[in-house]
Amino acid sequence: MQAVVILLSTGVLAGLAIALVVKFFGVQSDPLLEEVAALTPGANCGGCGYAGCAAYADAMVSGEAKPGLCPAMSEDNVKKISALLGVTSEVRVRKVAVICCRGDDDMATRQAFYNGINNCRDAMQVAAGAKTCTYGCLGLGACARACPYGAIEITSKRLAVVHPELCVGCGKCVQTCPKKLIKLVPASAPLHVLCSSPEKGVTKRKACKAACIGCQKCVKAAGEGQIRMNGFLAVINYGDPPSAEIASSCPTGALSASIAGTEQSGPENEVINA
Amino acid sequence: MPEIIYQFYGGVHPPQAKISSQDAIVSAPLLERYVIPLQMHIGAPARLLVQKGNKVLRGQMLADASAFVSAPIHAPTSGLIKEVTTCLGVLGTQLPAVILESDGEDTPAEPLAPIPNWQDSAPADLLRRIGDAGIVGMGGAAFPTVIKLSPPPEKKIDTLIINGVECEPCLTADHRLMLESPDKIIAGMQICARILGVKRILLGIEKNKSDAVDLMRNKTQDTSIQVCALDVRYPQGAEKQLIYTLTKRKVPTGGLPMDIGCVVQNVASVYAIAEAVIDGTPLYQRITTVTGTPLQSPGNWRFRVGTPYAEAIRLAGGVTEDPVKIISGGPMMGVAVYSLDIPITKNTSGILLMSGAEVSQYQSKSCIRCGRCNDTCPMQLMPGILSVQIENESFDLAESWHVMDCMECGCCSYICPAGRPLVQHMRRAKADVTALHQAAKAAKAAKEAREAKEAAKEAKNSPASAPGKK
C-alpha cells in the first residue's frame, strides 16, 4: 500500500513538473510549419534545391521559397500548401531526365576492352572509359545507382535509359554522370537531341551511327526558333518545342521523338513496340 | 665515400624488364606532321600565340604561359600551322592542340641568348630563362620547374636532390641520358644549386644502374655533388620516398618538399635546364623509351613533342605480335591508352607495349583482409579499408583516412592477392573528394555573395530597423 502511494505521488509530481516545464520553457513550434512539412513527400531527394523536405518546408513557411519546387509532390498537395500559406505556387512544369546519348553497342564503337570497376565515375579515371566517342554514355550505371526512384535502366546493349513514368526530375543523375550527358527537360517536350558530342560530323559519324552529324535538316524543317545549331550539334528550344514529326527529318535518329530513344533499347521495349 | 641511406616504408620488387638499357639514344627523324597539345603540364593550358596559316620556326614559342602554374610551348620544327583543333590526351579527354605541318627544312628560330657564363649570372636571370624555355618536371608529373625552383623566402632550402632513380620497370630513358650526357646533367645540377643557393647536392641512382653510378661518381669527383647508390626497390624514385631515403626527412601531409628544405629535380629536367641555359634551346624534345616484348627493336629515342605514338612504334621496328595493352609511361604508374594518335608530350617517359601473355585478366574479388597492402603502401595508408569505403562512396570517411596522401604508385594493386583494383578506387576517390571540396567552396562563395547582397539591400531599405527582425 505504501509503495503504491509513493509511486503514485511521484508520478503525479513528475507529471506536474513536466507540464510546468513545457508550459513555461517549451519551444513553440509553428503549427503551420508542421502542417506544411506533413504535406511534403519525405523522400529527402533534394530535387527542390534544399537539404531535405524539412528544410524546404521551412523555406516555404518563411517565404523564401514558393510551393511547387518539389518534383515529387502531387498537384493536390501543392494546392493545399499554397492555400495554407496564402501564396501562389511556382509554375509547375513536370521535368524528367533525358540522357543525351543514343550510342549503345549497336550504334557506337568501343576502342578498348575495359575490365576495371563497374562504375562510370571509376572508368573515367582510366582513359575516360575507352569509348570511341569521348563524350558518349559508358553504360556502367553510375546514374542508375544514384537514382532514388529506380527510373534509370541500363540496357543489355550498355546504354542508360530513363523511364519517364518513374522519373520525378530530382536531378541526382545529372550531378552523377561523369560525362555530363543528362539534362532535365519538360516532360511534355516531344523531341530531344540525343547526342552530346561537339565534334565535327565526320568524326562523330565514324564513332557512332546515331550521332547528330550537324546536317541542319531538322533546323530547315522546324525553323530557327524551334531548333538551332550550337556548333555541330542541334539544340532544341524547349520553350517552343518542335512537333514530333520533325524527328523523321533526322537521317541518323539522333533527333528522337521518345525520351532516351526507348524504341531501340532493351527487350521489354521491343515487346511494347510489338 | 661514406653515406647513410635510410630505408623508406613498404614498397615492392617488380621484375625489372629493362630490356633497352644497352640501346643508345637515337634521334628520331623529322616527321611531316606534329600534333602539339597546348597542355603538357599541370595547371592552366598555355595561351596560343599563333594562328592557322602562320609559318613558324623550330624553337619558336607557339603558346605562352597563361597563369602562375602554366608553361610555354615551343615548335618542334619549322613549318606551317595547319589547324587549331583538339587532340586526344593520355587521360582520354580532348585537349586543345595545334597541328604543325613540317616544311622539311627544320629552320631554327632565333635562339634564346645562350648564357655560357651562368656561374656569374644572377639567379633571377637563370630562373627567367627556365620559365621561357617551358621546362616542366620530366619525371612524369610535369609540374612547371620554375615554380619548384623559386620557393618563397621563408622556406629555407638546404638540399637539392636529383632523381636518377628510374625505379619504374621497363623504362631506361634516364639511365641512357646519364650515360650519354653526364656533363650536361652535372651543369644542370649546378645551375639549379646556384638558383637555390644550396651547397648540398645529392644524386640518387639505383644500384641496377651501376655503370651510371660509376660514371657519375667519376665525373663529380671535384664537385660538391654526392652520388648515392640506392638499393633497388619500387617506388624509390617517388619524391617523398627519395627525400626520406637520402635525408630521413618526411614531407608533411598536404605539404611540399620545400617545407622541409628540399627540392627534387629529375635528371631529364636538369638536362633540359642545362640545354636551355647554356645553349638557349627551349624544351621541345625529350628522351622516351619505347619498349615491350611485342616490338621488333625496342630502344630509347629523342622524340620531338607532338610525335604520335604510332610513329614512335613504327620507328621501333613495328610489332611482331599484336600488343594487347599499350601503356603511356611505365607498367606501375603508367596509363593504358587506346589510341595511337596520342602525341608524345614533355612528360612521356616511356611507351610500353604488352603482349597477351603478359597481361593478366582477372576478376576482382572481395577483400580478404590479409593486410598485405598495408605492408607495402609507401605512404603507410590502409588501401584495403579505403577501397571498401570508396566502394560504398563514403568519400568523407576515406578523406579522414588520408586517401588524399595516396600517390597512386600501384604497390597495393600489385601485391593484392584478391586482384582488387585498389589504385583505381584511390584515383576515383581523389577526383571525387577534390570535386566535393570545389563544390563546397563554390557554394560557400555563392552564399556569402547572396548574404552580402541581402544585407546591403536591407540596410538601404530600412536603415532604422532592428537587425534580425523578420
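Everything numeric here is computed off the predicted structure, so don't read it as measured data. (Residues numbered from 1 in each chain as written. Chains lettered and ligands numbered in written order. Predicted model: local features only at pLDDT ≥ 70, side-chain atom pairs only at ≥ 80, totals over all residues. Heavy atoms only, no water.)

Structural notes on the pattern of salt bridges
Side chains that differ in charge, positive against negative, can pair when their charged atoms come close. Summed over all chains, the structure comprises 22 salt bridges over all chains. One salt bridge in this structure joins Asp106 of chain A and Lys157 of chain A, with 2.9 Å as the shortest N-O distance. Of the two residues, Asp106 of chain A sits in the loop between strand E1 (95–99) and helix H5 (120–123) while Lys157 of chain A sits in the loop between strand E2 (152–154) and strand E3 (160–162), which places them 51 residues apart along the sequence. On the basis of relative accessibility, which here comes to 25%, the residue Lys157 of chain A falls in the partly exposed class. One salt bridge connects Glu83 of chain B with Lys200 of chain A, and the closest N-O pair in it is separated by 3.3 Å. Of this pair, Glu83 of chain B sits in strand E7 (residues 79–88) while Lys200 of chain A sits in the loop between strand E5 (192–193) and helix H8 (201–207), each in a different chain. Among the ionic contacts, a cluster of salt bridges with common partners joins Arg121 and Asp122 of chain A together with Glu393, Arg428 and Asp432 of chain B. (Salt bridge = Lys/Arg side-chain N within 4 Å of Asp/Glu carboxyl O. Helix = DSSP H or I, 4+ residues; strand = E, 2+ residues; numbered from the N terminus. Buried < 20%, exposed > 50% of the residue type's maximum accessible area, 1.4 Å probe, protein only.)

A few points about the interface of chain A and chain B
Of the residues lining the interface, 21 residues belong to chain A; the matching set on chain B comes to 20 residues. A combined buried area of about 1700 Å² lies between chain A and chain B, and 47% of that area is made up of carbon and sulfur atoms. Between the two partners, chain A and chain B, sit 3 salt bridges. Arg121 of chain A serves as the salt-bridge partner of Asp432 of chain B, at 3.2 Å between the closest nitrogen and oxygen. At the boundary of chain A and chain B, one finds 8 residue pairs in polar contact (both at pLDDT 80 or more). Among the residues forming the side of chain A that touches chain B, the class breakdown is 10 nonpolar, 6 polar and 5 charged. (Contact = heavy atoms within 4.5 Å. Buried area = accessible area lost by both parts, 1.4 Å probe. Polar contact = N/O pair within 3.5 Å; in protein donor to acceptor, adjacent residues only side chain to side chain. Nonpolar A, V, L, I, M, F, W, Y, C, P; charged D, E, K, R; others polar.)

Some points on a nonpolar patch on the surface
All names here are of chain A. A surface patch of nonpolar side chains, amounting to about 480 Å² of accessible area, comprises Leu20, Val21, Phe24 and Phe25. The residue Val21 is located in helix H1 (residues 2–25) in this model. For Val21, a relative accessible area of 45% translates into the label partly exposed. (Patch = residues over 30% accessible without salt bridge, like charges linked within 9 Å, V, L, I, M, F, W, Y side chains within 5 Å. Areas by Shrake-Rupley, 256 points an atom, 1.4 Å probe, with all protein chains shown as cover.)

Quick notes on the sheet that holds strand E9 (residues 159–163) of chain B
All names here are of chain B. Within the open sheet, the 4 strands sit side by side as E11-E10-E9-E12. Their pairing is parallel. On the outer flanks of this sheet lie strand E11 (225–230) and strand E12 (262–266), each paired with one strand and no other. When the angles between neighbouring strand axes are averaged without regard to direction, this sheet yields 25°. Contacting E9, strand E10 (200–206), E11 and E12, helix H6 (residues 239–247) runs over the sheet at an angle of about 120° to E9. (Pairing = 2+ DSSP bridges. Axes fitted to C-alpha atoms, helices over the stretch in contact; angles between N-to-C directions.)

Some words on the nonpolar core
If you look at the biggest cluster of nonpolar residues, it comprises 48 residues, and the most contacted ones within it are Leu149, Leu160, Ile185, Met189 and Leu203 of chain B. Counting only elements with at least two residues in this core, the list comes to helix H1 (123–132), E9, helix H3 (173–180), helix H4 (182–196), E10, helix H5 (210–219), E11 and helix H7 (267–279) of chain B. When residues no more than four places from it in sequence are discounted, the contact partners of Ile185 of chain B are Leu177, Met178, Met216, Val267, Val270 and Tyr271 of chain B. Formed by 22 residues, the second largest nonpolar core is a distinct cluster that contains Cys137, Ala160, Val161 and Cys167 of chain A. (Core = buried A, V, L, I, M, F, W, Y, C linked by side-chain atoms within 4.5 Å.)

Here we look at the sheet that holds strand E6 (residues 73–74) of chain B
Residues and elements named next belong to chain B. Spatial ordering of the open sheet is given by E3-E5-E6, a layout of 3 strands whose pairing is antiparallel. Of all the strands in the sheet, just strand E3 (47–48) and E6 have a single pairing partner and so form its edges. Relative to E6, strand E5 (residues 61–64) runs antiparallel, the two being bridged by 2 bridges. Paired with Met61 across the two strands is His74, which belongs to E6.

Observations regarding the domain arrangement of chain A
All names here are of chain A. Split by domain assignment, chain A resolves into domain 1 (31–92) and domain 2 (95–263). Using C-alpha coordinates to define each centre, domain 1 is positioned 32 Å away from domain 2. In this complex, domain 1 contributes 5 residues to the contact, which on the side of domain 2 involves 6 residues. Carbon and sulfur atoms supply 59% of the area buried between domain 1 and domain 2, which totals about 400 Å² over both sides. Across the domain 1-domain 2 interface, the total number found is 0 salt bridges. Counting every contact that joins domain 1 to domain 2 gives 0 residue pairs in polar contact (both at pLDDT 80 or more). (Domains from an automatic or database assignment.)

As for the domain arrangement of chain B
Residues and elements named next belong to chain B. Per the domain assignment, the segments making up chain B are domain 1 (106–279) and domain 2 (365–454). Contacts between the two partners involve 8 residues from domain 1 and, on the opposite side, 8 residues from domain 2. For the pair domain 1 and domain 2, the summed buried surface comes to about 540 Å²; carbon and sulfur atoms form 58% of the total. Applying the counting rule to domain 1 against domain 2 returns 0 salt bridges. Connecting domain 1 to domain 2 are 3 residue pairs in polar contact (both at pLDDT 80 or more). Each residue belonging to the side of domain 1 that touches domain 2 can be placed in one class, and the counts come to 3 nonpolar, 3 polar and 2 charged.

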